[in-house]
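Next come the chains, spelled out residue by residue.
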Amino acid sequence: MQELIGRVGIPPSRVGLVAMSRRVRRRTSQSRDKEKVAVSPPYAEAPDHCEIPRPGGCCCGGGGGGGAAGVDWTALPDDTVVQIFSRLNYRDRASLASTCRSWRRLGSSPSLWTSLDLRAHRCDPDIAAGLAGRCAHLRRLRFHGSSSASALIYLQARGLREIAGDCCREITDATLSVLAARHEALESLQIGPDPCMRITSDAVRHIAMCCTRLRRLRLSGIREVHGEAINALAKHCPQLAELAFLDCGLIDEGALEKVVSLRFLSVAGSRNLKWSTASLSWSNLPSLVAMDVSRTDVSASAVLKLLSTSKTLKVLCALNCAVFEEEWSYNSTACRKTKGKLLLAQFSNVFSGVASFFKGYGYVVREQSIFAEWRSLLNEDKNLSDIMSWLEWILSHSLLRVAESNPNGMDGFWLRQGAALLLSLVKSFQEDVQERAATGLAIFVVTDDENATVEPARAEAVMQNGGIPLLLELARSSQEGVQSEAAKAIANLSVNSKVAKAVADEGGIRILANLARSSNRVVAEEAAGGLWNLSVGEEHKAAIADAGGVKALVNLIFKWTSGVDGVLERAAGALANLAADDKCSVEIAMAGGVRALVTLARTCKVEGVQEQAARALANLAAHGDSNSNNAAVGQEEGALEALVQLTFSQNEGVRQEAAGALWNLSFDDRNREAIALAGGVEALVALAHACANASQGLQERAAGALWGLSVSEANSIAIGREGGVAPLIALARSDAEDVHETAAGALWNLAFNSGNALRIIEEGGVPALVHLCSSSGSKMARFMAALALAYMFDGRMDEVALVGSSLEGRWKSVNFDGARRMALKHIEAFVLTFSDPQVFSMAASSSAPAALAQVADAARIQEAGHLRCSAAEIGRYIAMLRNPSSVLRACAAFALLQFTIPGGRHAAHHASLLQKAGAARVLRAAAAATTAPIEAKICARIVLRNLEHHQLEAST
């Protein structure tokens, strides 16, 4: 039987992202799994001295050493050790502190534990209690998730001054109230940017009553902020200078007038505000210097009133305010009324406005570098420094929110100044501003999440503004939160091929490969996403392998075995792209990638991971004879069974990739039979039945897998008995040429068996094959359809047709003579489409090789060179050369011409089979027959010439 050796059928270098949300994860909606924070063992388990391996392989115990032989780490001054600790993440710090009592003492130094970022870790009460001994001097804390918020009280860090939490959608009044009650020294509390839908005004009131030293309060997504809560803030928090109620449903505008200490106010994204009341009340705030009303329905009249009547207001930010922008465009006198004030809006030049604002205070600055230089200018101007710090924060927040919502008509803003603003904010000294700016860069370039569409102009604007070196430098930060957001931005931008090249040229591949080894799962996940996107480019695959990316990606799968679908999907997706490269596929196998991917296919229940694992296995198996990966995948325990089971998935992408993997694996003889033993025939027939209305890709792979299995005579018979003929005929009627080819190839294989040939006729396959033979845009589909029809009517089926099948029930009534005539008519027409009467006449009257070569070149179907026929099939074509039907004789000669043309992948193999079968005599007879059509004669002569060519090559 024939098989399509080396025809992968899987696009080898797809981006691999089904939806952008799988690559661009917005913190407003993404919940991340956590890992536990490492806690050092008690003192009793720590040795007195460190035992750290020297470069030479020995260990230094308590002294001596130094020099070239090694470093005595225990001899380092305490201050130096503390500095080393300060540059480590918490996990590494705790691990290093456990090496000896001396370092444990230094690792618990108060200076190392003034700030704690738990966002990348799962923080439950036990973990928090384990950290409590180090948190007596803790001043700043960041956490992730509502469950972590409930555990923070176990840190016993009563001296906390700042708390910031994200992804706290489920946080309740009770949790927030207890948090406030246990940390009365709080000066800053920030919960967001995710909406805190379960927080009410009661929690705000409790915060005010407990945290009387509060200077800053930022809360997102509260449904209502009543006057009672705001009055409590005014009464109990006399130092409250900054208040942000972001994306809130309802705010008592009038009550805010009582918070007389307010200097900075943000209501960005909040709804249902009464702007007439707000503009009147807020204008009376005696200390208010800056306000943010971005993403609201504020009116131009309200903005003008605030700017013109407030005696202290200097800065007003109103980004993405549609009503305001429309009204402002019709008010030609508005600009004159804002003189001396800084108004930031979509239509204004932010850089120019901020620079002009500085000039009003006597500072000369360059517009484009204002955000990078302001700190050095304002060493002694605290008021202006506070304004700029606040401005960075609200700009990063608003730009991120605008990028997430992706409103229409923003291209001009992003290209004119938005991209440059985000890049400027990336340089901020405020870590959360850096993170949001990097996330904004990751998101604003994405214009269609579902189709993973990155807007080229936006991505290139980042590149042209020097964004790639800047983001790569950010990715080298010691702060893991910054690392992850920078890696995310690099990943998304790298969807654009020009940016991907810039990332590679700037050394970004090695940086991402290093980050993929991070012990922080979120960092590793985003880095794997970057390698996934970069691996789309053929020119980057080798560089990823050289940077150790293959090993890092494989290790990620072994390291994060379950419950972390994001990192597993990205790692598997990157490996799938890399596996399309022959050398990389070998390296993947050497690194243990086959076992890792099979483990995912067997055990992971997440559809995105299953899809990428199956795609990776498909591409690993796609290299034919160039390496042994096809056999290796098949021999891995449970691999074939897992892929067969994945064909029953509810997810079409999983079914498609699993079928593609089985198709590629079926090119190996042992795999082919093992797939059948694993239930592959039944599964793939069921899949073919179910994919009538599925995507072209799934249809192609389902038919392709059956094609691959049907190379075996036993499998071919089993496919027929399982009812595989009918769905293949249905797929042959597809509008897609790729589906034509695989369905025609499968039916061609099945038709070799007389029982299957009869089934094809009974199921209405002749009209479907005739249609393919005459109408498909694919020469290969037309060719294989013609060969299938030739098998069906070369006489071998006649006895079966007369007798029928007593074992399989009653056959349908079919007009076999009519079907035969129809088939032969279209086979003849197909062969004639490759026949130029004038060229054939010249070849018939001349013995010159050039004339035959001209015919062969015109008749050649390039893809047919990938087909490999068995001895039985070659024998059947030889027998067909003697068939009474002149049409079948011409068809057989035409087929043998295709199979023996020099340069075809299996041409030498076919020539050898023909010579062993004594075909030369039959071919000479066919070429000399006076009653044979000219096509049969000329094609037979060309085949004889091909045999001579291969014989000559074999002898040299």
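None of these values were measured; they are calculated from a predicted model.

A. Representation of the overall build of the protein chain within the structure. Across its full length, the protein chain holds 49 helices and 20 strands. Classification of the 956 residues of the protein chain by burial places 60% in the buried group. Long-range pairs, those at least 24 residues apart, make up 72% of the contacts in the protein chain between residues at least 6 apart in sequence. Total accessible area on the protein chain stands at roughly 36,600 Å², and carbon and sulfur atoms take up 50% of it.

B. The packing of aromatic side chains, seen in detail. The tally for this structure, following the rule as stated, stands at 19 aromatic pairs. Between the aromatic rings of Phe 85 and Trp 103, the centroid separation amounts to 6.3 Å while the plane-to-plane angle is 80 degrees, which identifies the pairing as edge-to-face. Here Trp 103 lies in helix 3 (residues 101–107) and Phe 85 lies in helix 1 (residues 78–86), a separation of 18 residues in the sequence. Comparing Phe 85 with Trp 103 shows no difference in burial state: the two are buried. Grouped by ring-pair contacts, the aromatic residues Phe 752, Phe 783, Tyr 791, Phe 830, Phe 834, Tyr 877, Phe 894 and Phe 899 constitute a single cluster. Against the face of Trp 393 rests Arg 218, its NZ or CZ located 3.7 Å from the ring centre. The ring of Phe 752 carries the charged tip of Arg 876 above its face, separated from the ring centre by 5.0 Å.

C. View of the environment of Thr 439. Along the chain, the position of Thr 439 falls in helix 16 (residues 431–444). The class of Thr 439 is buried, set by a relative accessible area of 3%. Linking Thr 439 and Ala 486, residues 47 residues apart in sequence, is a C-alpha distance of 7.3 Å. When near neighbours in sequence (up to four residues on either side) are disregarded, Thr 439 contacts Leu 400, Glu 485 and Lys 488.

D. How the structure looks around the environment of Val 644. Positionally, Val 644 belongs in helix 30 (residues 639–646). Here Val 644 falls in the buried class, since its relative accessible area comes to 1%. Counting along the chain gives 15 residues from Val 644 to Ala 659, while the straight-line C-alpha distance between them is 7.9 Å. If sequence neighbours within four positions are ignored, Val 644 has contacts with Leu 662, Ile 675, Ala 678, Gly 679, Gly 680 and Ala 683.

E. Local environment of helix 49 (residues 934–955). Along its 22 residues, helix 49 runs 32 Å from first to last C-alpha, staying within 8% of the 32 Å computed at 1.5 Å per residue. The elements touched by buried residues of helix 49 are helix 42 (816–832), helix 43 (837–845), helix 44 (849–859), helix 46 (886–900), helix 47 (907–916) and helix 48 (919–928).

F. Seen up close, the packing of helix 6 (residues 173–182) against helix 7 (residues 201–210). Relative to each other, helix 6 and helix 7 sit at 5 degrees, their axes nearing to 9 Å. One finds that helix 6 runs roughly parallel with respect to helix 7. Along its contact with helix 6, which presents Asp 173, Leu 176, Ser 177, Ala 180 and Ala 181, the element helix 7 presents Asp 202, Ala 203, His 206, Ile 207 and Cys 210. The residue inventory of the contact of helix 6 with helix 7, partitioned by class, reads six nonpolar, two polar and two charged.

G. Up close: the confidence of the model for the protein chain. Per-residue pLDDT for the protein chain averages 87, and the proportion of residues at 70 or more is 90%. Of the regions scoring below 50 in pLDDT, residues 1–69 engages in 235 contacts with residues more than four places distant in sequence or in other chains. Contacts for the low-pLDDT stretch residues 805–811, under 50 throughout, to residues beyond four places or in other chains number eight contacts.

H. Broad picture of the sheet that holds strand 12 (residues 242–246). The sheet built from ten strands is open, its strands ordered 5-7-8-9-10-12-14-15-16-17 with parallel pairing. Of all the strands in the sheet, the pair left with one neighbour each is strand 5 (115–117) and strand 17 (342–345). The average angle at which neighbouring strand axes cross in this sheet is 5 degrees, direction not considered. Both strand 12 and strand 14 (residues 264–266) contribute to a ladder of three bridges, which runs parallel. Bridge pairing in strand 14 places Leu 243 opposite Leu 265.

I. Quick peek at the pattern of salt bridges. For the coordinates displayed, the defined rule picks out 31 salt bridges. In this structure, Glu 162 and Arg 140 form a salt bridge, with 3.6 Å as the shortest nitrogen-oxygen distance. Of the two residues, Glu 162 is situated in strand 8 (residues 162–166) and Arg 140 in strand 7 (residues 140–144); the sequence distance between them amounts to 22 residues. The exposure class of Glu 162 is partly exposed, given its relative accessible area of 32%. Salt bridges here are not isolated pairs; linked through shared partners, they connect Asp 117, Arg 119, Arg 142, Glu 431 and Glu 435.

J. The arrangement of the pairing of strand 10 (residues 216–220) in detail. A large share of strand 10 lies buried, amounting to four of its five residues. Relative to strand 10, strand 9 (residues 188–191) runs parallel, the two sharing four bridges. Residue Leu 189 lies in a different strand from strand 10, and its bridge partner there is Leu 217. Crossover handedness for the path strand 9 to helix 7 to strand 10: right-handed. Here strand 10 runs beside strand 12; their pairing, made up of five bridges, is parallel. Counted as the bridge partner of Arg 216 is Glu 242 from strand 12.

K. Fine view of unusual backbone geometry. Between Gly 192 and the following residue, Pro 193, the backbone shows a cis peptide bond with an omega angle of 10 degrees. One non-glycine residue, Asn 272, adopts positive backbone phi at about 60 degrees. Tracing the sequence through the fold places Asn 272 in the loop between strand 14 and helix 9 (275–282).

L. Seen up close, the UniProt feature "repeat: ARM" (unreviewed entry) in the protein chain. When the UniProt feature table is mapped onto this chain, "repeat: ARM" (unreviewed entry) is found at residues 466–508, 507–549, 548–593, 592–623, 638–680, 679–724 and 723–765. In residues 592–623, helix accounts for 78% and strand for 0%; the two terminal C-alpha atoms are 18 Å from one another.

M. Examining the state of the cysteines more closely. All chains considered together, the criterion is met by zero disulfides. Cysteine Cys 167 is unpaired, with the sulfur of Cys 168 as its nearest cysteine sulfur at 7.3 Å.

N. Region of interest: the packing of helix 13 (residues 370–377) against helix 14 (residues 382–405). Following both chains from N to C, one finds helix 13 and helix 14 inclined at 155 degrees, their axes separated by 10 Å at the closest point. Between helix 13 and helix 14, the angle falls in the class roughly antiparallel. Considering the relative orientation of helix 13 and helix 14, their crossing is left-handed. Here Phe 371, Trp 374 and Arg 375 of helix 13 come into contact with helix 14, specifically with Ser 385, Met 388, Ser 389, Glu 392 and Leu 395. Of the residues in the contact of helix 13 with helix 14, the class split is four nonpolar, two polar and two charged.

O. Molecular detail of helix 39 (residues 765–775). Those residues of helix 39 that sit buried are Gly 765, Val 766, Ala 768, Leu 769, Val 770, Leu 772 and Cys 773. Among the structural elements, helix 36 (725–732), helix 37 (737–751), helix 38 (754–762), helix 40 (779–792) and helix 42 are those in contact with the buried residues of helix 39.

How each quantity is defined
- Residues numbered from 1 in each chain as written.
- Predicted model: local features only at pLDDT ≥ 70, side-chain atom pairs only at ≥ 80, totals over all residues.
- Heavy atoms only, no water.
- Helix = DSSP H or I, 4+ residues; strand = E, 2+ residues; numbered from the N terminus.
- Buried < 20%, exposed > 50% of the residue type's maximum accessible area, 1.4 Å probe, protein only.
- Contact = heavy atoms within 4.5 Å.
- Areas by Shrake-Rupley, 256 points an atom, 1.4 Å probe, with all protein chains shown as cover.
- Phe/Tyr/Trp six-rings, centres within 6.5 Å; stacked < 30°, edge-to-face > 60°.
- Lys NZ or Arg CZ within 6 Å of the ring centre and 35° of its normal.
- Expected span 1.5 Å × (residues − 1).
- Axes fitted to C-alpha atoms, helices over the stretch in contact; angles between N-to-C directions.
- Parallel < 35°, antiparallel > 145°, perpendicular 65-115°, else oblique.
- Nonpolar A, V, L, I, M, F, W, Y, C, P; charged D, E, K, R; others polar.
- pLDDT = per-residue confidence, 0-100.
- Pairing = 2+ DSSP bridges.
- Salt bridge = Lys/Arg side-chain N within 4 Å of Asp/Glu carboxyl O.
- Right-handed = clockwise from strand over helix to strand, strands pointing away.
- UniProt positions renumbered as here; feature names shortened; annotations may be inferred.
- Disulfide = S-S within 2.5 Å.
- Left-handed = near helix turned anticlockwise from the far one by under 90°.

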